[in-house]
Amino acid sequence: MLPTKRHRGETRLADFDPFGAFSLLDELWPAHFEAAEERPFMPPMDVSESDKEYMVRLEVPGMGKDDINIEFENNVLTLSGEKKTSTEEKSEKLYRVERRYGSFTRSLRFTDIDADNIKASYKNGVLEVTVPKTETAKPKKISVD
Amino acid sequence: MTLQEYKKYRKPLADVSPFNPVSLPGRLREAGNGSVVKWTPAVEVGETGDAYKVRAELPGMEKDQIDVEITDGVLTISGERRRENTGNERRRIAERWYGPFAKIIKFKGIDEERVSASYVNGVLEVLVPKTEAARGRRIDIDFG
């Protein structure tokens, strides 16, 4: 595959070799010279595919619905937002912070997507986005006479 | 990539990689159902004058899939996370951890009877009140 210009953190989804796992190296490589605290905050994500849709699940625990943005433009789905520390207890002294905070962006490129019917929900700290395929992208059953 | 660069790159990842099961007590390494702890949730521990608050990131679970236990000052958060997809979905990207998890935090000077927990938006919060005597003095916490 020829290298193409793309946004940081963007993963190509639909134009991968259907017989091989596509690579996430494009996400990992830019980070490898940076110290841990300089690495972008990238919430873990699962993407699965069925005959009729893609399911994107992003782990963003402890957020409000309003802190999450979902955009679909030029076949690129972008999930972004800002995960803030809980401000309820300012008087709290923090001992150990393994959780990561800050703004994040995850992008996925699709082809043959029914953009009007993308749906999203946020439950138990997981953002779930359903990305339906267009009719042409769905596998067709061909009967043998 | 040279070895040095590789090490530099790999090192921070150790912070988010699953537990080395060897560091866990036997009962967790071999949980009741024979499952092995595969990952450990990210936590933060806050302290106020009269309590500690442990917040663990456990997105994608249900309340009753999380066990919170306190014995002899040792708080154990454990459970098992299962994949949401049930049908014939094919995995395209898999960055999330599944399977049995555990996190152990040791406290001193806490009131075990009054420990309580809640689970909201994928975050488990455990409130660990201090004993009367422990309020206002510094207490050591061991992480495991």
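Thresholds, definitions, all that
Residues numbered from 1 in each chain as written. Chains lettered and ligands numbered in written order. Predicted model: local features only at pLDDT ≥ 70, side-chain atom pairs only at ≥ 80, totals over all residues. Heavy atoms only, no water. Helix = DSSP H or I, 4+ residues; strand = E, 2+ residues; numbered from the N terminus. Contact = heavy atoms within 4.5 Å. Pairing = 2+ DSSP bridges. Axes fitted to C-alpha atoms, helices over the stretch in contact; angles between N-to-C directions. Phe/Tyr/Trp six-rings, centres within 6.5 Å; stacked < 30°, edge-to-face > 60°. Buried < 20%, exposed > 50% of the residue type's maximum accessible area, 1.4 Å probe, protein only. pLDDT = per-residue confidence, 0-100. Salt bridge = Lys/Arg side-chain N within 4 Å of Asp/Glu carboxyl O.

**Comments concerning the environment of Val128 of chain B**
All names here are of chain B.
Working step 1: Checked against the element boundaries, Val128 lands in strand β8 (residues 123-129).
Working step 2: Each C-alpha atom, one on Val128 and one on Ala94, is 34 Å from the other, the two residues being 34 residues apart in sequence.
Working step 3: In this structure, Val128 is in contact with Ala51, Tyr52, Val54, Phe107, Ile110 and Val115, ignoring residues within four places of it in sequence.

**What about the sheet that holds strand β9 (residues 126-132) of chain A?**
Working step 1: The sheet built from 5 strands is open, its strands ordered β8(A)-β9(A)-β3(A)-β2(A)-β5(B) with antiparallel pairing. The open sheet has two edge strands, β8 (119-123) of chain A together with β5 (90-94) of chain B, and neither has a second partner. Ignoring strand direction, the axes of neighbouring strands in this sheet form an average angle of 15°.
Working step 2: Of the pairings in the sheet, the one linking strand β3 (residues 53-59) of chain A to β9 of chain A comprises 7 bridges and is antiparallel in character. Across the sheet, the residue bridging to Glu53 of chain A is Pro132 of chain A, located in β9 of chain A.

**Some thoughts on the packing of aromatic side chains**
Residue and element names in this part refer to chain B.
Working step 1: Tallied over the full model, the rule gives 4 aromatic pairs over all chains.
Working step 2: On the numbers, 4.8 Å between centres and 45° between planes, the contact of Trp39 with Phe101 is tilted. Here Trp39, found in the loop between α2 (26-29) and β1 (43-47), pairs with Phe101, found in strand β6 (residues 99-106); they are 62 residues apart in sequence, far enough to count as distant.
Working step 3: With a relative accessible area of 4%, Trp39 lands in the buried category.
Working step 4: For Phe101, a relative accessible area of 2% gives the class buried.
Working step 5: Note on Tyr52 and Phe107: the rings are 5.1 Å apart at their centroids and 45° apart in plane angle, and the pair reads as tilted. Of this pair, Tyr52 sits in strand β2 (residues 51-57) while Phe107 sits in the loop between β6 and β7 (116-120), and the two are 55 residues apart along the sequence.
Working step 6: Judged by its relative accessible area of 3%, Phe107 falls in the buried class.

**Quick notes on the confidence of the model for chain B**
Residue and element names in this part refer to chain B.
Working step 1: In this model, chain B carries an average pLDDT of 76, and 68% of its residues clear a pLDDT of 70 or more.
Working step 2: This model gives residues 5-33 a pLDDT under 50, and the stretch forms 45 contacts once residues within four places in sequence are excluded.
Working step 3: For this predicted complex, the interface confidence score (ipTM) comes to 0.72, while the overall pTM stands at 0.73.

**Some points on the sheet that holds β2 of chain B**
Working step 1: Reading across from one edge, β6(A)-β1(B)-β2(B)-β8(B)-β7(B) is the order of the 5 strands in this open sheet, with antiparallel pairing throughout. With one partner strand each, in any of the chains shown, β6 (93-97) of chain A together with β7 of chain B form the two edges of the open sheet. Strand-to-strand, the axes of this sheet are offset by a mean angle of 20°, without reference to chain direction.

**What about the pattern of salt bridges?**
Working step 1: The full count for this structure, using the stated rule, is 22 salt bridges over all chains.
Working step 2: Note that Lys133 of chain A is salt-bridged to Glu49 of chain A, the shortest N-O span being 2.7 Å. One end of the pair, Lys133 of chain A, is in the segment after β9; the other, Glu49 of chain A, is in strand β2 (residues 45-49), and 84 residues separate them in sequence. Each member of the pair, Lys133 of chain A as well as Glu49 of chain A, is classed as buried.
Working step 3: One salt bridge connects Lys103 of chain B with Glu98 of chain A, and the closest N-O pair in it is separated by 2.8 Å. One end of the pair, Lys103 of chain B, is in strand β6; the other, Glu98 of chain A, is in the loop between β6 and β7 (102-109), on a second chain.
Working step 4: Given the relative accessible area of 4%, Lys103 of chain B is considered buried.
Working step 5: Shared partners join several salt bridges into a network, and the residues in it are Lys83, Glu92 and Arg99 of chain A together with Glu44, Arg55, Glu57 and Glu125 of chain B.

**Quick look at the environment of Ala102 of chain B**
Working step 1: Here Ala102 of chain B lies in strand β6.
Working step 2: Spatially, the C-alpha atoms of Ala102 of chain B and Ile66 of chain B are 9.7 Å apart, while their sequence positions differ by 36 residues.

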